[in-house]
Amino acid sequence: QVQLVESGGGLVQPGGSLRLSCAASGIIFSIYDMGWYRQAPGKMRELVAAFTRGGITNYAASVKGRFTISRDNTKNTVFLQMNSLKPEDTAVYYCNARRYELTAWGQGTQVTVSS
């Protein structure tokens, strides 16, 4: 029973910051690639940031320099620090864990950036 539970979403003004957390259970966390995806209404789900089991990170061009992904293997948790938020960052953010054909998704957390 793999579970990913996101938290930290909410309403923030443009230019503000949020920190998302994803707590994982039911997997050997340290050997999984972890990632954050987002989906806005009417758009496809897109990769925001990833942190592989080997320590490699990558970011969508639209968030590079503003967002930072990190993971704490002792707490089975992956984070997404989001700074300088823009209205176009508004979306449901999903946590993902993947190892070969095994994959799991969280339920998502809403991030709304608005004045």
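Residues numbered from 1 in each chain as written. Predicted model: local features only at pLDDT ≥ 70, side-chain atom pairs only at ≥ 80, totals over all residues. Heavy atoms only, no water.

A. Broad picture of the state of the cysteines. Applying the stated criterion across every chain yields a total of 1 disulfide. Here Cys22 connects covalently by a disulfide to Cys95, the sulfurs 2.1 Å from one another. Handedness of the Cys22-Cys95 disulfide follows from its S-S torsion of about -80°: it is left-handed. Here Cys95 lies in strand E9 (residues 91-99) and Cys22 lies in strand E3 (residues 18-25), a separation of 73 residues in the sequence. (Disulfide = S-S within 2.5 Å. Helix = DSSP H or I, 4+ residues; strand = E, 2+ residues; numbered from the N terminus.)

B. Spatial organisation of the sheet that holds strand E7 (residues 67-72). Spatially, E1-E3-E8-E7 is the arrangement adopted by the 4 strands of the open sheet, whose pairing is antiparallel. Looking at the sheet topology across the chains shown, the edges are occupied by strand E1 (3-7) and E7. With strand direction ignored, the average angle separating the axes of adjacent strands in the sheet is 15°. Pairing analysis gives 6 bridges linking E7 to strand E8 (residues 77-82), with the strands arranged antiparallel. When the bridges of E8 are listed, Ser70 appears paired with Phe79. (Pairing = 2+ DSSP bridges. Axes fitted to C-alpha atoms, helices over the stretch in contact; angles between N-to-C directions.)

C. How the structure looks around the environment of Cys95. Cys95 gets classed as buried once you look at its relative accessible area, which sits at 0%. Taking the C-alpha atoms as reference points, Cys95 and Gln107, 12 residues apart in sequence, are found 8.0 Å from one another. Look past the residues within four positions of Cys95 in its chain and what remains in contact with it is Leu4, Glu6, Cys22, Met34, Gly35, Trp36, Val78, Ala104, Trp105 and Gly106. (Buried < 20%, exposed > 50% of the residue type's maximum accessible area, 1.4 Å probe, protein only. Contact = heavy atoms within 4.5 Å.)

D. A look at unusual backbone geometry. Positive phi, close to 50°, is recorded for Asn76, a residue that is not glycine. With respect to the helices, strands and loops of the structure, Asn76 is situated in the loop between E7 and E8. Residue classification places Asn76 among the partly exposed residues on the basis of a relative accessible area of 25%. Within the chain, Tyr100 stands out as a residue other than glycine whose phi angle is a positive 55°. Relative to the helices and strands, Tyr100 is located in the loop between E9 and strand E10 (102-105).

E. Up close: the pairing of strand E11 (residues 109-113). Burial of E11 is one-sided: the residues Thr109, Val111 and Val113 facing one way are buried, the residues Gln110 and Thr112 facing the other way are not. By the bridge criterion, 3 bridges tie strand E2 (residues 10-12) to E11 in an arrangement that is parallel. When the bridges of E11 are listed, Gly10 appears paired with Val111. Pairing of E9 with E11, which is carried by 3 bridges, proceeds in the antiparallel orientation. Across the sheet, residue Ala91 finds its bridge partner in E11, namely Val111.

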